[in-house]
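One letter stands for each residue in the lines below.
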Amino acid sequence: MTIQENKERITENINRVCREKNREPKGVNLIAVTKYVSNETAKQAVQAGIEHLGENRVEGLLEKKEYLTGFPVIWHFIGTLQTRKVKEVIDHVDYIHSLDRLSLAKEIQKRTERTISCFIQVNVAEEDSKHGLSVKEVLPFVDKLKEYDKIKIAGLMTMAPFTEDESLIRNVFSTLKQLQADIQDKGYPHAPCSELSMGMSNDYVIAVEEGATFIRIGTSLVGKEF
Ligand SMILES: *Cc1c(COP(=O)(O)O)cnc(C)c1O
């Protein structure tokens, strides 16, 4: 399967769910996660018309960005971000999907002159293997972030457990959607929280059904080379 064919299949699935749910397909943004592929394959994704690329390591993002100089890419940092690496990457990202602690917010605030769009990462299923705040920690965290004028809370991000249990996955995504509504009810200027970053290769259809606005797809879109 070529990247173009994968993109068409994924786009058809998104369009079908949007028809069923009365959603506008344009409201679902496809991020190609390029962490498992070469610079050249990332370039093919961009040439296939994908506007959003995601990387989970600072080095990987910087290398791909340099390789793709001149291409109009929107860059997403989707991995755990070490505080000491913020200064290297902050001028090169459009969105950070992994804001999960105040020390990271403090460092972002210190290292940039721009407003950075961030997603708060939520560990909805409270898995030990995953980063992110628990659901109950999120509202107090959002409240504290009003002190940080360089940070805009664009939305919430989660990773569902790797499981065959579709109802568990759906429950994780719908919990994130409910949490988004709770934040939006507060009407905070710093936290419009209009976006939901959820859904990967195995579960993006469920995520779009439950309201995802950014889906992050690696393996089933650009493949896995290493
Ligand atoms: C790797 C990764 C993805 C993409 O995973 P696939 O299963 O290959 O689609 C999405 N989100 C995050 C945070 C990742 O680390």
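In case you missed it, the structure is sitting above this.
In what follows, the accompanying structure is described. Just so you know, the residues in each chain are numbered from 1, in the order the chain's sequence is written. With pLDDT at 70 or above as the cut-off, local features in this predicted model cover only qualifying residues; side-chain atom pairs require 80 or more to be listed or tallied, and sums for whole chains, interfaces and linings still use all residues. Side-chain metrics rest on all non-hydrogen atoms present in the structure, leaving aside hydrogens and water.

1. Focus on the overall build of the protein chain
Secondary structure elements follow DSSP: runs of H or I no shorter than four residues count as helices, runs of E no shorter than two count as strands, and numbering proceeds from the N terminus. Counting secondary structure elements, the protein chain contains nine helices and eight strands. Just to be clear, the radius of gyration here is over C-alpha atoms, and the globule rule we use is 2.2 Å times residues to the power 0.38. In summary, the protein chain has a C-alpha radius of gyration of 17 Å against a globular reference of 17 Å for 226 residues, a match within 12%. With 226 residues in all, the protein chain has 50% of them scored as buried. By the convention used here, residues are in contact when the closest approach between their heavy atoms is within 4.5 Å. Considering only residue pairs separated by 6 or more positions, the protein chain has 57% of its internal contacts joining residues 24 or more positions apart. Using a 1.4 Å probe, the Shrake-Rupley method yields the accessible areas, and only the shown protein chains count as cover for residues. For the protein chain, the exposed area adds up to about 10,900 Å²; of that, 46% sits on carbon and sulfur atoms. Positive residues here are Lys and Arg, negative ones are Asp and Glu, while His and the chain termini are left out of the count. The atoms used to mark charge sites are NZ of Lys, CZ of Arg, CG of Asp and CD of Glu. The positive charge centre, built from 31 side chains, and the negative charge centre, built from 34, are 3 Å apart in the protein chain. Accessibility here uses a 1.4 Å probe with only protein chains present; expressed as a share of the type maximum, an area under 20% marks a residue as buried, one over 50% as exposed, and anything in between as partly exposed.

2. Overview of the pairing of strand β4 (residues 95-99)
For β4, the tally of buried residues reaches four of five residues, placing the bulk of the element in the interior. Criterion used throughout: strands pair if DSSP finds at least two bridges between them. Looking at chain direction, strand β3 (residues 74-77) and β4 are connected through two bridges and run parallel. Its bridge partner being in β4, Phe-77 is matched across the sheet by Ile-96. With three bridges connecting them, β4 and strand β5 (residues 116-121) associate as parallel partners. Bridging from a neighbouring strand, Tyr-95 pairs with Ser-117 of β5. This β-α-β element, β4 to helix α5 (residues 102-111) to β5, shows right-handed connectivity. Viewed with both strands pointing away, a crossover whose connecting path from the first strand over the helix to the second turns clockwise is right-handed.

3. A closer look at the site of the ligand
In these notes, residues near a molecule or strand are those with any non-hydrogen atom within 4 Å of it. Taken together, Val-33, Lys-35, Tyr-36, Ile-78, Met-157, Met-159, Met-200, Ser-201, Arg-216, Ile-217, Gly-218 and Thr-219 make up the full set of residues near the ligand. Polar contact is the term for a pair of N or O atoms within 3.5 Å; when the atoms are in protein, one must be able to donate a hydrogen and the other to accept it, and sequence-neighboring residues count only if both atoms are side-chain atoms. Ser-201 is positioned such that a nitrogen or oxygen atom in its side chain is 2.6 Å from an oxygen atom of the ligand. A distance of 2.8 Å separates an oxygen atom of the ligand from a polar backbone atom of Gly-218. Across the complex, the protein chains shield 91% of the 390 Å² of accessible surface that the ligand would expose by itself. Cavities and pockets were defined on a 1 Å grid built over protein atoms only: a cavity is a set of grid points that admits a 1.4 Å probe from which the probe cannot escape, a pocket is an open set flanked by protein on both sides within 12 Å along at least five of seven lines, and lining residues are those with an atom within 4 Å of any such point. Throughout, a molecule is located in a cavity or pocket provided that more than half of its atoms lie within 2 Å of its grid points. When atoms are counted within 2 Å of each cavity's grid points, the one that captures over half of the ligand is the largest pocket. Polar here means any residue other than Ala, Val, Leu, Ile, Met, Phe, Trp, Tyr, Cys and Pro, which are nonpolar, and Asp, Glu, Lys and Arg, which are charged; Gly is therefore polar. Residues that form the shell around the ligand fall into these classes: seven nonpolar, three polar and two charged.

4. Quick notes on the layout of surface pockets
Summary: where empty space remains is shown by rolling a probe the size of a single water molecule over the atoms. Grid points are joined across faces, edges and corners, and a volume is the space filled by probe spheres set on the points. Approximately 680 Å³ is the volume attributed to the largest pocket. Lining the largest pocket are 29 residues; nearest its centre among them are Lys-35, Tyr-36, Met-159, Phe-162 and Met-200. Taken together, the residues that form the lining of the largest pocket break down as 11 nonpolar, 11 polar and seven charged. Of the voids in this model, the second largest pocket is the one considered here, and its volume is about 260 Å³.

5. Topic: the pattern of salt bridges
Take a side-chain nitrogen of Lys or Arg and a carboxyl oxygen of Asp or Glu: if they are within 4 Å of each other, that pair is a salt bridge. Taken as a whole and judged by the stated rule, the model has 12 salt bridges. Where Glu-209 meets Arg-170, a salt bridge forms, and the shortest distance between an N and an O atom there is 2.8 Å. On the criterion of sequence distance, the pair formed by Glu-209 in helix α8 (residues 204-209) and Arg-170 in helix α7 (residues 166-186) is long-range, its members being 39 residues apart. Given a relative accessible area of 25%, Arg-170 falls into the partly exposed group. Each of the salt bridges in this network shares a partner with another, and the network as a whole consists of Glu-166, Arg-170, Glu-209 and Glu-210.

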